[in-house]
Structures are given as C-alpha cells and as structure tokens.
Amino acid sequence: MDAFYASVEQRDDAALRGKPVAVGYPGERGVVSTASYEARRFGVHSAMPSLTARNKCPELIFVLPRFDAYHEVSLQIREIFMEYTDLVEPLSLDEAFLDVTVNRRQNPSASLIAREIQRRIREETRLTASVGVSFNKFLAKIASDYRKPDGFFLITPDEAEAFVEGLKVERFFGVGKVTARKMHENRIHTGYDLKQRTEAQLVHLFGKAGHHLYLNARGIDERPVEPNRVTKSVSAETTFMTDRDNRTLLTVELYHLAKEVFERMKEEDFYGKTVTIKVKYADFRTITRSRTFPQKLVQLQQCWPAVREMMKLIDLSVRPVRLLGFGVSNAGEDGAGKQMQLELKL
C-alpha cells in the first residue's frame, strides 16, 4: 500500500487531503511512522525524528496513529487476496507476497491478476496499492517499490539479469544504510559490481547475508511464499575491514545498526522486548549481552540509553572487535500495527 497509515488518515478526514501529513508522535522524542506523499516532497520520511520533520516542513500536520483502523483495513485487503490464492505471506500490515502460479480464478497471467487486485483495492478501500510482479520474491519486492504511488511494474525472466545489474545496491531488499555504506567502501555500488565478487568474498564482508547477496545479484531467490511465516527476531551486524578497539566509534556503529533494525522492525511489524548486542573479537571469540524490557520496544529511544550502558561493559582491553551486531527478539503475545505493500509472484 502507498503511504498506508497516512493514506488511511487522509481518506477518513477530508481536512487532511492534499496536505503534508505525518503519522506519529510530535515532540522532542517523537518519530515519524509514515509520511504522506505531500510531506515526502519536503524530505520527510518514516523513522525521521519529529523535530527534524517539522524543520523540513513547518506546515506538517501530525496525526496520532490509529492501529485499530489500520488493522481493519489490512484485514479487508487480506480478504481480497484470499479470493485469489491461499499462498499469501504477510510482511506487515500493508505488504504481502502472493504466489498465484495456481489461483482460484484459473487465470494464467499474474499481471492480469495483479491489475485486478490493484483495481479492487482502489474501489473497495479508496486507497492505492503499488504492485510488483516477477518470478521470485526478491524481484517482486523490488518491482513493487519501483513506480510508487499507484504503480505497476513487471520483471520477466528475460529482463531480470540486466535489470539487477543496473540496480543500485540501496534498492536490494535487506540492504540498509550500514550495509550500503560498507558496500560503497568496497567499491560496490550496483548489482553489476556485486556480481563481480565471489560468494566467499561476500560472506567475508557481510556474514551469512553474503550468501543471499551472491544469489540476488544473479536474480536468484528460491524462497517459497510462506503463509504461516512468523518473525521471531530482527537483527543486523557488520564485519569491519580492520579490527576496532575504539569504544566511541564502536558505539556510533552500534547506533547505526540499531537504527537499521528498528526500521526493519517497522517494515515487518515486529516489536520485541529483548535487545542483544553481539561482539566477535579478532580471535573469533564471540560474546552476547542481552537485556529484557517490561514493554515492547517500538522506538529506538526507548532502549538506547540502556544499550549504550551495555556497550560500556564490553571488555576492549585485551583484544579488538572484528564484528558487531544488534538484535531485538522476544515478541511475546501482544501485537502492534502492521503495514501491507503488494508484491505478486508469477
């Protein structure tokens, strides 16, 4: 869905239509959850501090989130999906993968099904969805983001190789700011650059994510659409080119990793109570430090002071650090709001 939370608010309140809207909490510690396209023209985006957003757009209107309303619309859209296939894998309230290889309409064209679903969402919810169609999840996800809002983009098997080679690494699913920065440091800027590296080189640079990057650079993604997929944790890590023992620099790096994790948590509608720091020393000895909070964490500011104190307790006196990681787990039983962008699989 396009700017889902903000679009729901503009749909339900005529006074907000055509105006820059941010769903989130204003104030010193507030963060933008979703920004309308009118606000995005000023550079306002999700996960941005509210004060920064206000400085970029003084006319910005803040609306407190109504997760019950977003959840209700999400269920309405999910019901449309289920009329076509049981293979629906929600990623968040406004985003899902559909496998329509075999579908209830017995329609052999994924593109026609995608167009029909897109039209029905517009007619039945008065909201717009952007659709990506391709033969695997990696390409469908990228395609869905390619022509927003109200977009449609198809990547065929014949087009995939050239398309991926020309893609900036920032568009690869799972590549956040920290990973992108490390890629640039290693002269990797596009899918073509990524394709020139061996699998072993990518694993050395990016850990287990290197396996997926190697395949994705070749347009390969064999993951099936999993209707019952459950996120148990969200984490990010980075392996340094040279070992580090400067606590200040490591703390800054940890902050960027934590920001990336909280951005992904929002995308996946996953909110946990336990944060974990992972440190791998130069001699490959690995330690973890965890802390569990009484309530689910929805913003980094809730836990960052404690995380910073945890980092102060990491021993750097004997050996430098090779790898640093940050993760959030322990979702418990509560649910928070999700979002649902539409990707379809051929």
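It should be emphasised that the depicted structure is a prediction, and the values quoted were computed from it without experimental measurement.

K.L.:
Would you mind showing me how to read the nonpolar core here?
P.N.:
In summary, soluble globular proteins display a tendency toward joint burial of nonpolar side chains. Ranked by size, the top nonpolar core spans 34 residues in total, and within it Val 275, Leu 324 and Phe 326 carry the most contacts. Those elements giving two or more residues to this core turn out to be strand 8 (233-244), helix 12 (247-268), strand 9 (274-281), helix 13 (304-312) and strand 11 (321-329). Sort the elements by how many residues they give to this core and helix 12 lands first, with seven residues. Sequence-distant contacts of Phe 326, defined by excluding residues within four places in its chain, comprise Val 234, Ser 235, Ala 236, Leu 254, Leu 257, Ala 258, Val 261, Phe 262, Val 275, Thr 276 and Val 307. With 28 residues, the next largest nonpolar core counts Met 1, Phe 4, Val 133 and Phe 152 among its residues.

K.L.:
Help me understand the sheet that holds strand 11, please; the structure alone is not making it clear to me.
P.N.:
One open sheet holds the four strands; their spatial order is 8-11-9-10, and the pairing between them is antiparallel. Where the open sheet ends on each side, the last strands, each with one partner, are strand 8 and strand 10 (286-292). Adjacent strand axes in the sheet meet at a mean angle of 15° when their direction is disregarded. Where strand 9 meets strand 11, eight bridges bridge the pair, whose relative direction is antiparallel. From the neighbouring strand, Thr 274 faces strand 11, where its bridge partner is Ser 329. Together, strand 9, strand 10 and strand 11 form the strand contacts of helix 13, whose direction differs from that of strand 9 by roughly 30°.

Reading the values: rules and limits
The residue numbering used here restarts from 1 in each chain and proceeds along that chain's sequence as written. A pLDDT threshold of at least 70 governs which residues receive local features in this predicted model, and a stricter bar of 80 or more applies before side-chain atom pairs are shown or counted, although totals over entire chains, interfaces and linings include all residues. The side-chain values count all of the structure's non-hydrogen atoms but skip hydrogen atoms and water molecules. Grouping buried Ala, Val, Leu, Ile, Met, Phe, Trp, Tyr and Cys residues that are joined through side-chain atoms within 4.5 Å yields what is termed a nonpolar core. Summary of the burial criterion: residues with accessible area below 20% of their type's maximum are buried, those above 50% are exposed, and those between are partly exposed, where the area comes from a 1.4 Å probe applied to protein chains only. Put simply, DSSP H or I for four residues or longer makes a helix, DSSP E for two residues or longer makes a strand, and each gets a number counted from the N terminus. We call two residues in contact when some of their heavy atoms are within 4.5 Å. For two strands to be treated as a pair, DSSP must find no fewer than two bridges joining them. Throughout, an axis means a line fitted to C-alpha atoms (over the contacting stretch in the case of helices), and angles, computed between N-to-C directions, take values from 0 to 180 degrees.

Keep in mind these values describe shape, not function.
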